[in-house]
Amino acid sequence: MIKEMYTFEDFLRQPIGDRLPYYEKDERLYHIMISQQFSYPFLEKLFDTADLIKYITRKPNGIEFLTSLLKHKRAMLYFTQPSTRTFLSFLSACQIVGIHTGEVRDPTLSSEMKGESQEDGLRTFSSYFDLIIMRDSKAGFCEYMSYLLDLTGRSVPIINGGSGKDQHPTQALLDVYTLHRSFQERGGIPGKVYGFVGDLLRGRAVRSVIYLLTRYSNLEMFMIAPPRLQIAPDLEAHLKDHGVKVHKTDNLEEALPHVDSLYMTRVQDEYDLSGESEILDYSKFHLTIENINLMKDDAIVLHPLPRRHEIDPRLDSDPRAMYWRQLRNGMYIRAALLLYLFNMEHRLVDY
Ligand code: CP
């Protein structure tokens, strides 16, 4: 935990490797902030926990058992940026493991309307709740709040449910969990070819899942995007450092036959400064009834959702379409993460 006083700017200037220990306590992850926190052994264990939760919830007495595990805990869901899946899957995950929840989604109904700062609001939540799960439009804000709360001595774990353009670490967990399950019978995640399509520059889900995938070896990636939305140089450098073979292209049809997994994304125009996305021809980056047949029969299609027109809805019944299963996996992996944070995952063997 933090021992010295830094300003937030000082804090963010520290190399990422130096910041990671601040998110740990007693040699376990405490705040969930960025994908680089998750080690390979952590992922393997979390995936096993999620598999067990999935299995146990099939029986009524299993559901009862799980809801008994954390019924003494309370979580605050503070989502000031729009969300359907992350909010609802965390809410459902809390219900699965018995955590009581409170929520603020519309700050106009909170004392922020009376001029209270978000910092004071979050400090208030930490007085009533054992955990804060939050989403905010400002990059780095979740990290900032974990830092501030640690300084108050009234810290509770914070989970980053998406912070501006920077990271969405629990989306990465559910994405990689879905890949792990999909490729379980085919040698696993290593050695596969991954395609990423769309707004690769501003998509926080893409950034987080790419960081997480570099925990695995022998990867090849196709980055398929309009030139102005190609992956950021720092992310490309990270892939190079990890020996990932990267191909950058704006030709989806040429890349499709090569990939084992295709990760589609929408244009992130909420981050436009002056409507620049409107002049893009994004239709070249759509998966359609025609071009999906260029893909291998056993490839899979992922999307963090929400979608606009990137995937024709008629493809939802194609066996390669994995995005609805992917979002359901989010509920189980988030329930597993909650058990981990409160050091209760070992209790599953009691069932
Ligand atoms: N994937 C994702 O973060 O979806 P929501 O924005 O609906 O939470």
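Cut-offs and rules
- Residues numbered from 1 in each chain as written.
- Predicted model: local features only at pLDDT ≥ 70, side-chain atom pairs only at ≥ 80, totals over all residues.
- Heavy atoms only, no water.
- Pairing = 2+ DSSP bridges.
- Helix = DSSP H or I, 4+ residues; strand = E, 2+ residues; numbered from the N terminus.
- Axes fitted to C-alpha atoms, helices over the stretch in contact; angles between N-to-C directions.
- Domains from an automatic or database assignment.
- Buried area = accessible area lost by both parts, 1.4 Å probe.
- Salt bridge = Lys/Arg side-chain N within 4 Å of Asp/Glu carboxyl O.
- Polar contact = N/O pair within 3.5 Å; in protein donor to acceptor, adjacent residues only side chain to side chain.
- Nonpolar A, V, L, I, M, F, W, Y, C, P; charged D, E, K, R; others polar.
- Buried < 20%, exposed > 50% of the residue type's maximum accessible area, 1.4 Å probe, protein only.

Asker: Could you clarify how one ought to interpret the sheet that holds strand E3 (residues 74–79) in this entry?
Answerer: The strands that make up a sheet are held in pairs by hydrogen bonds between backbone atoms, and each pair lies either parallel or antiparallel. Pairing is parallel across the open sheet formed by 4 strands, whose spatial order is E4-E3-E5-E6. The sheet is open, and its two edges are formed by strand E4 (100–104) and strand E6 (158–163), each paired on a single side. Across the sheet, the mean angle separating the axes of adjacent strands is 15° when strand polarity is ignored. As paired strands, strand E5 (residues 131–136) and E6 are joined by 4 bridges and run parallel to one another. Residue pairing for E6: Ile132 is matched across the bridge by Ile158.

Asker: Honestly, the domain arrangement of the protein chain in this entry has me stumped. Any pointers?
Answerer: Reports of interface size often rely on the accessible area that becomes lost once the parts have come together. Along its sequence, the protein chain is organised into domain 1 (3–167 + 329–349) and domain 2 (169–326). Each of domain 1 and domain 2 was reduced to a C-alpha centroid, and the two centroids are 26 Å apart. Together domain 1 and domain 2 conceal approximately 2600 Å² of surface at their shared face, both sides included; 58% is due to carbon and sulfur atoms. For domain 1, the biggest contributors to the area lost against domain 2 are Phe47, Lys165 and Asn329; these three give 25% of the whole. For the interface between domain 1 and domain 2, the tally reads 1 salt bridge. The partner of Asp51 in a salt bridge is Arg181, with the nearest N and O atoms 2.7 Å apart. Taken together, domain 1 and domain 2 are joined by 15 residue pairs in polar contact (both at pLDDT 80 or more). Contributions of two or more residues to the side of domain 1 that touches domain 2 are made by helix H3 (40–56), helix H5 (85–97), E5, E6 and helix H12 (323–341). Looking at the side of domain 1 that touches domain 2 element by element, the count peaks at 8 residues for H3. For the side of domain 1 that touches domain 2, the residue count by class is 13 nonpolar, 11 polar and 9 charged.

Asker: Mind showing me how you'd approach the pattern of salt bridges here?
Answerer: Side-chain pairing between opposite charges can occur once the charged atoms of the two side chains come close. Under the defined criterion, the tally for this structure stands at 18 salt bridges. Close ionic contact of Glu143 with Arg19 constitutes a salt bridge, the shortest N to O distance being 3.1 Å. One end of the pair, Glu143, is in helix H7 (residues 141–152); the other, Arg19, is in helix H2 (residues 16–19), and 124 residues separate them in sequence. Judged by its relative accessible area of 5%, Glu143 is buried. On the basis of relative accessible area, Arg19 is assigned to the buried category, the value being 8%. Residue Lys284 pairs with Asp250 through a salt bridge whose shortest N-O separation is 4.0 Å. On the criterion of sequence distance, the pair formed by Lys284 in the loop between strand E10 (261–264) and strand E11 (300–302) and Asp250 in the loop between strand E9 (245–249) and helix H11 (252–255) is long-range, its members being 34 residues apart.

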